[in-house]
Amino acid sequence: MSKLGQVVESVETYNQFVLDQVKRARSDEKFGRDLLGRWNDIKAKIPTTRAPTGLPLPRLALPEIDEPGEIARFLLGEGLPGEFPFLNGAYREMYLEPVREVESFEKNGETKKSKTDKKIPQAEEPTRLFSGLMLAEDTNERFHYLTRHQRTHRLSTAFDGPTLYGIDSDADGVFGKIGEGGVAIDTVEDMVRLYDGFDLGSANFSASMTISGPAPIIMAMYIAAAKRRFGASVVPKLRGTIQADIFKEVQAQNETIFPIEPSLRFLTDMVEFTTREMPRWYPISISGYHIGEAGSTPVQQAAYTLSNGFAYAEMFAGRGIPVDQFGPRLSFFLDCGLDVEYIALARVSRRIWAIGMREVFGAGAKAQLYKLHTQTSGRSLIAAEFKNNLTRTAAELMLAYMNATNSCHSNSADEPFTTPSEEWIRLAAHGQAILLEESGIFKHTMNMLSGSPGMKAVERAVEAAILDEFREIERLGGVLAAVEDRYQRSQIQNASHRYEQQINDGVRPIIGLNRYRNGSDDMPEVKLARTPRKKQQLQVDRLVKFKKKNAEKSKRALDKLSAVVESGKNCFPELLEAVEVCSLGQITGRLQEVVGRFRPMV
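Definitions and limits used
- Residues numbered from 1 in each chain as written.
- Predicted model: local features only at pLDDT ≥ 70, side-chain atom pairs only at ≥ 80, totals over all residues.
- Heavy atoms only, no water.
- Helix = DSSP H or I, 4+ residues; strand = E, 2+ residues; numbered from the N terminus.
- Rg over C-alpha atoms; globule rule 2.2 N^0.38 Å.
- Buried < 20%, exposed > 50% of the residue type's maximum accessible area, 1.4 Å probe, protein only.
- Areas by Shrake-Rupley, 256 points an atom, 1.4 Å probe, with all protein chains shown as cover.
- Lys, Arg positive; Asp, Glu negative; His and termini not counted.
- Charge placed at Lys NZ, Arg CZ, Asp CG, Glu CD.
- Contact = heavy atoms within 4.5 Å.
- Pairing = 2+ DSSP bridges.
- Axes fitted to C-alpha atoms, helices over the stretch in contact; angles between N-to-C directions.
- Expected span 1.5 Å × (residues − 1).
- Parallel < 35°, antiparallel > 145°, perpendicular 65-115°, else oblique.
- Left-handed = near helix turned anticlockwise from the far one by under 90°.
- Nonpolar A, V, L, I, M, F, W, Y, C, P; charged D, E, K, R; others polar.
- Salt bridge = Lys/Arg side-chain N within 4 Å of Asp/Glu carboxyl O.
- Right-handed = clockwise from strand over helix to strand, strands pointing away.

Asks: Whenever I open this one, the overall build of the protein chain confuses me. Can you help?
Replies: Across its full length, the protein chain carries 22 helices and 13 strands. What you see for the protein chain is a C-alpha radius of gyration of 25 Å, in line with the 25 Å of a compact globule of 602 residues. C-alpha extents for the protein chain along the principal axes are approximately 80 × 60 × 55 Å. Expressed as a percentage of the 602 residues in the protein chain, the buried residues total 56%. As presented, the protein chain carries roughly 25,900 Å² of accessible surface, and 51% of it is formed by carbon and sulfur atoms. With 77 positive and 78 negative side-chain charges, the protein chain shows a spacing of 4 Å between the two charge centroids.

Asks: Just checking my understanding: could you explain the environment of Ser583 for this structure?
Replies: With respect to the helices and strands, the residue Ser583 is situated in the loop between α21 (572–578) and α22 (584–595). Judged by relative accessible area, which is 0%, Ser583 ranks as buried. Taking the C-alpha atoms as reference points, Ser583 and Leu543, 40 residues apart in sequence, are found 7.8 Å from one another. Setting aside its immediate chain neighbours within four residues, Ser583 contacts Asp168, Asp186, Thr187, Met221, Leu543, Phe546 and Lys547.

Asks: How should the sheet that holds strand β12 (residues 372–376) be read in this particular structure?
Replies: Strand pairing in a sheet relies on backbone hydrogen bonds. The paired strands run either parallel or antiparallel. The sheet built from four strands is open, its strands ordered β10-β11-β12-β13 with parallel pairing. The sheet terminates laterally at β10 (284–287) and β13 (407–409), the two strands that pair on one side only. Between one strand and the next, the sheet's axes are offset by a mean angle of 25 degrees, whatever the strand orientation. Strand direction decides the pairing type here: β12 and β13, joined by three bridges, are parallel. Bridging from a neighbouring strand, Gln375 pairs with His409 of β13. Seen against the sheet, helix α11 (residues 298–318) touches β10 and β11 (330–336) and runs at an angle of roughly 145 degrees to β10. Across the sheet, helix α14 (residues 389–402) lies against β11, β12 and β13, angled at about 165 degrees from β12, the strand it touches most.

Asks: Help me out: how do you make sense of helix α20 (residues 551–567) in this one?
Replies: In an α-helix, one turn spans 3.6 residues; hence positions three or four apart end up facing the same way. Between its first and last C-alpha, α20 extends 25 Å over 17 residues, near the 24 Å set by a 1.5 Å rise per residue. Buried residues along α20 sit in contact with α9 (260–277), α21 and α22. The first or second residue beyond α20 is Gly568, which carries a positive phi of 85 degrees.

Asks: What is the right way to look at the packing of helix α4 (residues 136–146) against helix α15 (residues 422–438) in this model?
Replies: Relative placement of two packed helices is described by the angle separating their axes and the distance separating the axes. Interhelical geometry of α4 versus α15 gives an angle of 40 degrees and a closest axis separation of 11 Å. In this view, α4 runs oblique relative to α15, as classed from their interaxial angle. Between α4 and α15 lies a crossing whose hand is right-handed. Residues Arg142, Tyr145 and Leu146 of α4 form the contact with α15, whose own contacting residues are Glu422, Ile425 and Arg426. Of the residues belonging to the contact of α4 with α15, the class tally is three nonpolar, no polar and three charged.

Asks: What should I look at first to understand unusual backbone geometry in this one?
Replies: Generally, phi is negative for residues other than glycine and the peptide bonds are trans, each holding for most cases. Here Phe84 and Pro85 are connected by a cis peptide whose omega angle stands at 0 degrees. With phi around 50 degrees, Glu385 is a residue other than glycine that occupies positive phi space. The topology assignment puts Glu385 in the loop between β12 and α14. Look at Glu385 and you get partly exposed, because its relative accessible area is 33%. Of note, the phi angle at Ala404 is positive, near 60 degrees, even though the residue is not glycine.

Asks: What am I meant to see in the pattern of salt bridges here?
Replies: When their charged atoms lie close together, side chains carrying opposite charge are able to pair. Scanning the model with the defined rule gives 36 salt bridges in all. When the shortest N-O distance is used, the salt bridge between Glu180 and Arg530 registers 2.8 Å. On the criterion of sequence distance, the pair formed by Glu180 in the loop between α5 (161–164) and α6 (188–194) and Arg530 in the loop between α18 (487–505) and α19 (533–549) is long-range, its members being 350 residues apart. On the basis of relative accessible area, Glu180 is assigned to the buried category, the value being 19%. Arg530 sits in the exposed class, given a relative accessible area of 54%. Here Lys560 and Glu574 are joined by a salt bridge, their closest N and O atoms 3.7 Å apart. In this pair, Lys560 is assigned in helix α20 and Glu574 in helix α21, connecting sequence segments 14 residues apart.

Asks: Looking at this structure, how should I read the side chain of Gln536?
Replies: Locating Gln536 in the fold gives a position in helix α19. Residues contacting Gln536, with those up to four places away along its chain left out, are Phe175, Gly176, Lys177, Ile178, Glu180 and Thr531.

Asks: Teacher, can you tell me more about the pairing of strand β7 (residues 205–210) here?
Replies: Residues in a regular strand project their side chains so that they alternate between the two faces of the sheet. With six of six residues buried, β7 is to be regarded as a mostly interior element. Bridge count for β7 against strand β8 (residues 240–242) is three bridges, and the pairing is parallel. Among the inter-strand pairings, Met209 is bridged to a residue of β8, identified as Ile242. Between the parallel elements β7 and β8, the chain passes through helix α7 (residues 215–230) in a crossover that is right-handed.

Asks: Looking at this structure, how should I read the environment of Ile185?
Replies: Locating Ile185 in the fold gives a position in the loop between α5 and α6. Taking the C-alpha atoms as reference points, Ile185 and Met221, separated by 36 residues in sequence, lie 9.6 Å from one another. Those residues within four positions of Ile185 in sequence are excluded, and the remaining contacts are Ala136, Phe159, Thr163, Asp190, Met191, Leu194, Ile218, Met221 and Leu584.

Structural data, given as structure tokens:
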């Protein structure tokens with residue numbers, strides 16, 4: 001039985017343990033009494049806060065139960081926020097505003113404030129801002145625009161097509177793609193320009209980079225750029241995430257540049273280095289978002305993401321990296337659409353991950369945490385009457401925060417047409433601010449919307465369906481064997497076809513498209529974001545100059561890199577040297593000479 005099969009058994013065993021403890025709480029008087037005492041103690045210690053209107057609210061909402069069996073079911077089956085199995089949240093408090101000084105609202109409207117209540121520091125915003133367009137300096141300008149009103153700077157970067165495939169901007173046939181749909185990054189000098197003006201070593205800054213095939217090379221460029229600006233001492237301080245998820249590329253997204261095994265080897269080299277040298281960095285974001293966007297069902301998205309995560313954990317442990325070192329540095333990325341499963345999808349994923357990591361991998365508490373970034377669904381955005389996308393995204397944000405996501409990105413309404421404009425990207429960010437800061441839904445009380453009978457019903461159904469997917473992957477021989485058999489890819493394709501068929505048949509209503517249309521098929525006038533040819537030529541000219549300047553050094557660096565790769569040693573330290581004098585395309589090309597190119601499986 002593989003590790004994934006053991007995860008299935010561990011979840012089922014834990015579920016049975018919870019049921020046994022419920023029965024014990026009802027039959028063992030002392031055990032039940034102890035549970036009730038603990039429950040009353042928990043409730044007694046919950047602080048009270050107040051809404052701006054003066055309404056007193058508990059900082060943590062708990063179900064109104066006093067029966068020992070139900071208390072056991074909640075504490076052991078769900079856990080308090082920040083406690084195993086983390087169904088209700090990875091941390092004790094999330095999104096909450098600082099404790100408001102307790103106010104006594106008198107009839108005449110005057111208030112009396114207690115001087116004994118201390119305010120806690122304001123937490124980091126969960127909003128992550130995503131951008132990538134034209135050249136590095138253009139994206140940098142957008143980053144500064146987006147962070148103008150943010151206490152903390154959490155930047156997520158989109159790269160253009162050539163960069164995603166490890167191709168240089170001066171390669172044949174790519175000129176028209178330079179800076180389209182993302183930022184063009186060819187050299188470490190581009191990386192310096194990309195984050196110019198931001199303090200990369202600050203505790204209030206983090207960078208996320210959405211790239212997988214050439215992720216180790218881009219990661220090395222980021223480290224080199226940070227060292228150029230702040231010196232070698234900045235490396236342990238760097239915060240952020242790089243996607244680097246090879247499994248989802250093969251299953252869903254297609255941006256794979258090396259064969260699977262060398263890709264996984266380069267990824268593990270990077271994880272080994274960053275785990276040791278960069279304790280605040282997440283070297284892989286295990287991504288279901290692209291699986292969902294490719295057409296999977298929500299359950300497939302969660303099941304493949306989790307199973308990929310367990311496969312990576314097994315791979316990293318096999319390299320000899322201790323689970324309690326790499327485990328806390330794993331992160332996850334899901335989309336959030338409008339299907340009913342999303343009311344509980346992330347909650348269930350968090351629970352399964354915690355149980356599997358503890359019981360199968362022997363992980364400690366920090367390595368059990370399923371740290372999640374959520375992005376609202378790009379697939380749900382519709383060109384027809386596109387302003388309705390504001391409402392779709394708002395509903396998806398509500399679902400994401402109900403699931404206690406750790407960070408979130410909201411898509412822009414104009415994305416069916418173009419890279420988001422400043423107007424629509426500002427409205428997308430304001431959607432999160434309205435939900436988290438203006439409304440009182442999440443900022444006063446933890447667990448405000450959790451635990452309804454409907455949510456519990458969805459949780460049970462989703463968990464059972466995810467475990468069924470695990471069993472099928474286990475039957476096929478595990479994640480890698482299933483990938484080679486094209487299992488995940490074929491299932492995603494089938495689900496995508498079914499989704500589109502449901503829209504065409506009217507079974508799946510899409511407002512403004514197949515229901516309540518205004519009778520016009522005219523598309524709105526939307527200004528497209530395009531990279532001017534002058535900028536594309538500038539990128540090529542810079543790259544040519546870089547290559548000419550470093551011609552002799554780059555050959556030596558590439559020869560040393562090749563030798564290390566062929567020796568089987570960790571090649572990431574050599575990548576750090578190579579990116580100083582070599583372009584992305586030069587490094588990718590040399591590595592492909594050594595390990596080969598990815599060839600899609602038939």
